[in-house]
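Chain and residue survey
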Amino acid sequence: QVQLVESGGGLVQAGGSLRLSCVASGNIFSINVMGWYRQTPGKQRELVATITNIGSTNIGTTNYADSTKGRFTISRDRAKNTVYLEMNSLKPEDTGVYYCNVKQVGYTYWGQGTQVTVSS
C-alpha cells in the first residue's frame, strides 16, 4: 500500500502561479511513475504530467499534456518521497481538483485531491 498526501492548492488569479506537493509513504520502493491528473465537473480525469521514478537520482523522464507544456513543470525529490508540480501562467481552464498518482507494477494509487481555482 502507498499513501499519498497532496498540498498546495488554492485560489489564484489568471497569470499567477501555484506549487503542488505530494508526499508518498508506505510501500514506496517499487514506484515506477509519479504524476498529476486533474478533474473538472462533467469531464473525465485527465493527465497533467508524469515523471518516471527509476534510477537513483531525481532525474526522470517527463510527460506533459499538450495544454500544460511550457507552463507546468513536474519534478521529484527521492529523499523526500515527494513529487511536485510547479504551475505558472495559470489560466481559468486549469481550474479543477488535482490528484497525485503513483504506479507500481500491477497497482495504481491516488491521493485525495487538492482544489485549484484560477479566477479570470
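Sequence order as written defines residue numbering, which begins from 1 separately in each chain. The model is predicted, so local features are restricted to residues of pLDDT at least 70 and side-chain atom pairs to those at 80 or more, both for listing and for counting; the totals for chains, interfaces and linings are taken over all residues. Each side-chain value is worked out from all heavy atoms of the structure, with water and hydrogens disregarded.

1. Here we look at the pattern of salt bridges
Every case where a carboxyl oxygen of Asp or Glu lies within 4 Å of a side-chain nitrogen of Lys or Arg is listed as a salt bridge. One pass over the structure, following the stated rule, counts five salt bridges. We note a salt bridge from R19 to E86, for which the minimum N-O separation is 3.8 Å. Taken together, the positions of R19 in strand β3 (residues 18-26) and E86 in strand β8 (residues 82-87) put the pair 67 residues apart, joining distant regions of the chain. Exposure remark for R19: the relative accessible area of 45% places this residue in the partly exposed category. A salt bridge links D94 to R38, with the nearest nitrogen and oxygen atoms 2.9 Å apart. With D94 in the loop between β8 and β9 (96-104) and R38 in strand β4 (residues 33-39), the pair connects residues that are 56 residues apart, well separated along the chain. Taking relative accessible area as the criterion, D94 reaches 1% and is therefore assigned buried. Classification of R38 as buried rests on a relative accessible area of 5%. Within the structure, one salt-bridge network assembled from shared partners comprises R38, E46, R71 and D94. A helix here means a DSSP run of H or I that spans at least four residues, while a strand means a run of E at least two residues long, and both kinds are numbered starting from the N terminus. Between buried and exposed lies partly exposed: a residue is buried under 20% and exposed over 50% of the maximum accessible area for its type, with that area taken using a 1.4 Å probe on protein chains only.

2. Section: the sheet that holds β8
When DSSP finds two or more bridges between a pair of strands, those strands are recorded as paired. Within the open sheet, the four strands sit side by side as β1-β3-β8-β7. Their pairing is antiparallel. Looking at which strands have only one partner, the edges of the open sheet turn out to be β1 (2-7) and β7 (72-77). Neighbour-to-neighbour, the strand axes of the sheet open up by a mean angle of 15°, direction not taken into account. One ladder, built from six bridges, connects β3 with β8; its direction is antiparallel. Pairing of C22 across the sheet is with V83, part of β8. Axis definition: a line fitted to C-alpha atoms, over the contacting stretch in the case of helices. Angles run 0 to 180 degrees between N-to-C directions.

3. Description of the packing of aromatic side chains
Stacked, tilted and edge-to-face are the three classes assigned to paired rings of Phe, Tyr and Trp, where Trp is represented by its six-membered ring and a pair needs centres within 6.5 Å; plane angles under 30 degrees give stacked, over 60 edge-to-face, the rest tilted. Per the stated rule, a full pass over the model turns up three aromatic pairs. Centroid distance Y37 to W110: 5.1 Å. Interplanar angle 70°. Geometry classified as edge-to-face. Pair noted here: Y37 is in strand β4 and W110 is in strand β10 (residues 107-110), with a separation of 73 residues, a long-range link. Classification of Y37 by relative accessible area gives buried; the value is 16%. Relative accessible area serves as the criterion here: at 39%, W110 is assigned to the partly exposed category. Centre to centre, the rings of Y107 and Y109 are 6.3 Å apart; their planes meet at 15°, and the pair counts as stacked. One aromatic cluster is present, built from ring pairs that chain together Y37, Y99 and W110.

4. With respect to the pairing of β7
Note that β7 and β8 share six bridges and pair antiparallel. Looking across to β8, one finds that F72 is bridged to M87.

5. Comments concerning unusual backbone geometry
Positive phi, close to 50°, is recorded for N81, a residue that is not glycine. Position of N81 among the secondary structure elements: in the loop between β7 and β8. If you check the backbone angles, S89 has positive phi at about 50° while not being a glycine. Turning to its location among the elements, S89 is positioned in the loop between β8 and β9.

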